[in-house]
Amino acid sequence: MNLVLMGPPGSGKGTQCSRLAAELGIAHISTGDILRQAVKGNTPLGKEASVYIQAGKLVPDETMIRIVEERVQQKDCEKGFLLDGFPRTIPQAEMLDATGPQIDCVIALLVDAEECVRRVANRKTCSQCGLTYNPVTHPPRKNGKCDVCGSDLILRVDDQPETMRERLKVYSQMTEPLVRYYQKSERLAVADGMSQPENILKNLKNLIYSRLPVRGS
Ligand code: AMP
């Protein structure tokens, strides 16, 4: 079972993907996380990507395609994977269809742009492990510290208001056309992303189970 969850920045797709992948027993592949790890490690990929990330722009397709082609070959993807943040452009989706394992279902999480801006303004991210927190829906147990690794919580550079506006613009120009792309091949499902995280997760699971011949929900 190979899935894609798409949604604008701040839609909560990262949180939903972690939980969905764990419940479905498939690999969670977040291209944003892969790039942030590379930036933290100051690798050649990290050096290339950080310029784009900080500007709220997309890393070039060739780079992203190479990363994903390699990642989906890894052993933990044998039972399937959930892509989070990929594909983000038509060429990326075309590459996946041409050379990658088959994508069974693509879910577009629908969240208003204003709500995304609001969520991101409140979002704090662990500077070490990347877990995200929200003061209302998922506050840390200790103020300003990660529940899991105890590191400081920060505002991600690309969550700053100006960069966030750019990311939303890029999403509508470059990524939203994928809705039509996946609709044409009847692989698209849409889910309301405006309610509470627990409800969204429940709806996503129902949607996936209703479309795929998998174990019962
Ligand atoms: P995310 O955590 O998914 O919001 O990704 C953070 C940033 O990483 C994006 O704003 C892009 O700069 C970059 N990025 C992640 N995935 C991709 C992708 N598939 N194509 C191009 N850039 C990406």
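Residue numbers here run from 1 along each chain, matching the order of that chain's written sequence. Restriction of local features to residues with pLDDT of at least 70 applies here, the model being predicted, together with a cutoff of 80 or more for giving and counting side-chain atom pairs; totals for whole chains, interfaces and linings are based on all residues. Where side-chain values are given, they derive from all heavy atoms of the structure, hydrogens and water being excluded.

With respect to the pattern of salt bridges
Pairing is possible between side chains that carry opposite charge, provided their charged atoms lie close to one another.
Line of reasoning, step 1. Here, a salt bridge means any Lys or Arg side-chain nitrogen found within 4 Å of an Asp or Glu carboxyl oxygen. Summed over the entire model, instances satisfying the criterion amount to 17 salt bridges.
Line of reasoning, step 2. When the shortest N-O distance is used, the salt bridge between Glu166 and Lys57 registers 2.9 Å. Of this pair, Glu166 sits in helix 7 (residues 161-175) while Lys57 sits in the loop between helix 3 (44-55) and helix 4 (61-71); the two residues are 109 residues apart in sequence, bridging distant segments of the chain.
Line of reasoning, step 3. Under the scheme applied here, a residue whose accessible area is under 20% of the maximum for its type counts as buried, over 50% as exposed, and between as partly exposed, the area being computed with a 1.4 Å probe on protein chains only. By relative accessible area, which is 45% here, Lys57 ends up partly exposed.
Line of reasoning, step 4. One salt bridge in this structure joins Arg118 and Glu115, with 2.9 Å as the shortest N-O distance. Placement of both Arg118 and Glu115 in helix 6 (residues 113-122) is noted, with a separation of 3 residues, approximately one turn of the helix.
Line of reasoning, step 5. A single salt-bridge network, built from bridges that share partners, covers Arg123, Arg156, Asp158, Asp159 and Arg167. Helix numbers and strand numbers start at the N terminus; a helix is a DSSP run of H or I with at least 4 residues, a strand a run of E with at least 2.

What to know about the sheet that holds strand 8 (residues 188-192)
Line of reasoning, step 1. At least two DSSP bridges between two strands are required for those strands to pair. Across the sheet, 5 strands lie side by side as 2-3-1-4-8; this open sheet has parallel pairing. What marks the edges here is a single partner per strand, and that holds for strand 2 (27-30) and strand 8. Neighbour to neighbour, the strand axes of the sheet diverge by 20 degrees on average, direction disregarded.
Line of reasoning, step 2. Strand direction decides the pairing type here: strand 1 (residues 2-6) and strand 3 (residues 81-84), joined by 4 bridges, are parallel. Counted as the bridge partner of Val4 is Leu83 from strand 3.
Line of reasoning, step 3. Should any heavy atoms of two residues lie within 4.5 Å, those residues are counted as being in contact. Between the N-to-C directions of two axes lies an angle of 0 to 180 degrees, each axis being a line fitted to C-alpha atoms and, for a helix, fitted only over the stretch in contact. Strands in contact with helix 2 (residues 31-40) are strand 2 and strand 3; relative to strand 2, the strand with the most contacts, it is inclined by about 65 degrees.

A closer look at the packing of helix 1 (residues 13-24) against helix 9 (residues 197-211)
Line of reasoning, step 1. For the pair helix 1 and helix 9, interaxial distance at closest approach is 10 Å and the crossing angle is 45 degrees. By the criterion of interaxial angle, the relationship of helix 1 to helix 9 is oblique. Once helix 1 is placed against helix 9, the crossing between them reads as right-handed. Here Gln16, Arg19, Leu20, Glu23 and Leu24 of helix 1 lie close against helix 9, whose contacting residues are Pro197, Glu198, Ile200, Leu201, Leu204, Lys205, Ile208 and Tyr209.
Line of reasoning, step 2. Tallied by class, the residues present in the contact of helix 1 with helix 9 amount to 8 nonpolar, 1 polar and 4 charged. When describing relative orientation, an angle under 35 degrees is termed roughly parallel and one over 145 degrees roughly antiparallel, while 65 to 115 degrees is termed roughly perpendicular and anything else oblique. Left-handed describes a crossing in which the near helix is turned anticlockwise from the far one by less than a right angle; the clockwise case is right-handed. By the convention adopted, Pro, Cys, Tyr, Trp, Phe, Met, Ile, Leu, Val and Ala count as nonpolar, Lys, Arg, Asp and Glu as charged, and the other residues, Gly among them, as polar.

Here we look at the site of the ligand
Line of reasoning, step 1. Taken together, 17 residues lie near the ligand, and Thr31, Arg36, Lys57, Gly85 and Arg88 sit nearest.
Line of reasoning, step 2. Whenever two N or O atoms come within 3.5 Å, that pair is a polar contact, provided that in protein one can donate a hydrogen and the other can accept it, and provided that, for residues adjacent in sequence, both atoms are side-chain atoms. Within the contact set of the ligand, a nitrogen atom lies 2.8 Å away from a side-chain nitrogen or oxygen of Thr31.
Line of reasoning, step 3. Protein contacts shield 96% of the accessible area of the ligand, which totals 480 Å² for the unbound molecule.
Line of reasoning, step 4. At 4 residues, helix 2 tops the list of elements feeding residues into the shell around the ligand. Nearness of a residue to a molecule or strand requires only that one of the residue's heavy atoms be within 4 Å of it. The Shrake-Rupley method, run with a 1.4 Å probe sphere, supplies the accessible areas, and residue values consider only the shown protein chains as cover.

Some details on the state of the cysteines
Formally, a disulfide is one covalent bond, and it connects the sulfur atom of one cysteine to the sulfur atom of another.
Line of reasoning, step 1. Disulfide: a pair of cysteine sulfur atoms within 2.5 Å of each other. This model, assessed by the stated rule, comprises 0 disulfides.
Line of reasoning, step 2. Cys105 provides the cysteine sulfur closest to Cys17, a residue in no disulfide bond, and the two sulfurs are 12 Å apart.
Line of reasoning, step 3. Cysteine Cys126 is unpaired, with the sulfur of Cys149 as its nearest cysteine sulfur at 3.4 Å.
Line of reasoning, step 4. Under the relative-accessibility criterion, Cys126 is labelled buried at 4%.

A closer look at the sheet that holds strand 7 (residues 153-154)
The strands that make up a sheet are held in pairs by hydrogen bonds between backbone atoms, and each pair lies either parallel or antiparallel.
Line of reasoning, step 1. Strands sit in the order 6-5-7 across an open sheet of 3 strands; the sheet is antiparallel. Two strands lie at the open edges of the sheet, namely strand 6 (132-133) and strand 7, each paired on one side alone.

Digging into unusual backbone geometry
Line of reasoning, step 1. Residue Pro87 follows Phe86 across a cis peptide bond; omega there is -5 degrees.
Line of reasoning, step 2. Relative to the assigned elements, Pro87 resides in the loop between strand 3 and helix 5 (90-99).
Line of reasoning, step 3. The residue Asn42 is not glycine, and still its phi comes out positive at about 55 degrees.
Line of reasoning, step 4. Structurally, the position occupied by Asn42 is in the loop between helix 2 and helix 3.

Description of the pairing of strand 1
Line of reasoning, step 1. Extensive coverage of strand 1 is indicated by the burial of 5 of its 5 residues.
Line of reasoning, step 2. Judged by which residues are buried, strand 1 turns out to be covered on both faces: Asn2, Val4 and Met6 on one side and Leu3 and Leu5 on the other are all buried.
Line of reasoning, step 3. When strand 1 meets strand 4 (residues 105-110), the two strands line up parallel, connected through 4 bridges. By the bridge assignment for strand 4, Leu3 is matched with Cys105.

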